[in-house]
Amino acid sequence: MSIPAIDLMTALRSGHSTSPRLTWYGPASERVELSGRVLDNWVAKTSNLLQDELDAQPGTRLRLDLPAHWKSVILALAAWQLGMEVLFGDAEAELLATGDPGPGAAQGAFDAVLAVALPALAMRWVGELPTGVVDYAAEVRSHGDVFMPHVDPEASRRAVVAAAGTEHTHGGLLDGFAAAHDEGVRLLVAAGDGLEPALAQCLGAWKRDGSVVLVHPEVAVTEKLLADERINAS
């Protein structure tokens, strides 16, 4: 069975697959640009990591203890493609993805913990990780470029619970959770607004065959940046 997240990834790797779909501006002059094909590749590898290494399946809950960032967007898309439920804040979950995998993160509260190094080009976590914590950057590249679910996802399962408590199923992810945007939008998204709003904005733009420029709070949004990226909405 197909669900909207799977259909979205199919659309992003088809058609204008080499056009930018997600551009990240981060601290220390970071700029990462992902075409539809590259974005799909990262999402497929991450879905395979979640499924094959962490035993995730439809209905498994993933807590994203991460800021709005291109890697956290990848993780959310990968989880939704698999049919998982994405959670924020302090919600209970089986899996945790975090940028702060301290000793307490792996003490029985989760079945598995992913440590996510946020520097744009980080190839692995710098320093020691607690026993049992998986290094996302080091492990994800070894996984397959094509994702095939072991279990068909169900459109009726929950995909996300918004901060306001509103529940969205996988079937309604692009119609209820995603923000409304014009066709072909080139959208500026402020990472400082938080991960949940950023994901809603990204999904809404991609649903309308658009693209996203995600900007870290420390990056000044100048007229030059807006012109260089051809941004037409925010």
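The model shown is predicted, which means the values in this text are computed figures rather than measured ones.

Next up on the list: the overall build of the protein chain. Within the protein chain one finds seven helices and eleven strands. A globule of 234 residues ought to have a C-alpha radius of gyration of about 17 Å, and the protein chain, at 17 Å, matches this closely. In terms of principal-axis extent, the alpha carbons of the protein chain reach across some 50 × 40 × 35 Å. When each of the 234 residues of the protein chain is scored for burial, the buried share is 52%. Long-range contacts, defined here as pairs at least 24 residues apart, represent 68% of the contacts in the protein chain between residues at least 6 apart. If you sum the accessible surface of the protein chain, you get close to 10500 Å²; carbon and sulfur atoms cover 49% of it. A gap of 6 Å separates the mean positions of the 17 positive and 31 negative side-chain charges of the protein chain.

Here we take up the nonpolar core. Counting 63 residues, the largest nonpolar core has Leu50, Leu77, Trp80, Trp206 and Leu214 as its most contacted members. Of all the elements, helix H3 (residues 70-82) adds the most residues to this core, at ten residues. The next biggest cluster of nonpolar side chains, apart from the first, holds eight residues, and it includes Leu96, Phe110, Trp125 and Val133.

For the rest of this paragraph, the subject is the packing of aromatic side chains. Each aromatic ring pair is described using two quantities: the centre-to-centre distance and the angle formed by the ring planes. Per the stated rule, a full pass over the model turns up two aromatic pairs. When the ring of tryptophan 42 is compared with that of tryptophan 70, the centres are 5.1 Å apart and the planes differ by 85°; the resulting orientation is edge-to-face. Note that tryptophan 42 is positioned in helix H2 (residues 36-53) and tryptophan 70 in helix H3, a separation of 28 residues in sequence. Note on accessibility: tryptophan 42 and tryptophan 70 belong to one class, buried. Centroid distance tryptophan 80 to phenylalanine 177: 6.0 Å. Interplanar angle 65°. Geometry classified as edge-to-face. In this pair, tryptophan 80 is assigned in helix H3 and phenylalanine 177 in helix H5 (residues 173-177), connecting sequence segments 97 residues apart. For the pair tryptophan 80 and phenylalanine 177, one class covers both residues: buried.

Conventions and cut-offs
Residues numbered from 1 in each chain as written. Predicted model: local features only at pLDDT ≥ 70, side-chain atom pairs only at ≥ 80, totals over all residues. Heavy atoms only, no water. Helix = DSSP H or I, 4+ residues; strand = E, 2+ residues; numbered from the N terminus. Rg over C-alpha atoms; globule rule 2.2 N^0.38 Å. Buried < 20%, exposed > 50% of the residue type's maximum accessible area, 1.4 Å probe, protein only. Contact = heavy atoms within 4.5 Å. Areas by Shrake-Rupley, 256 points an atom, 1.4 Å probe, with all protein chains shown as cover. Lys, Arg positive; Asp, Glu negative; His and termini not counted. Charge placed at Lys NZ, Arg CZ, Asp CG, Glu CD. Core = buried A, V, L, I, M, F, W, Y, C linked by side-chain atoms within 4.5 Å. Phe/Tyr/Trp six-rings, centres within 6.5 Å; stacked < 30°, edge-to-face > 60°.

Any functional reading would require information that these geometric values do not contain.
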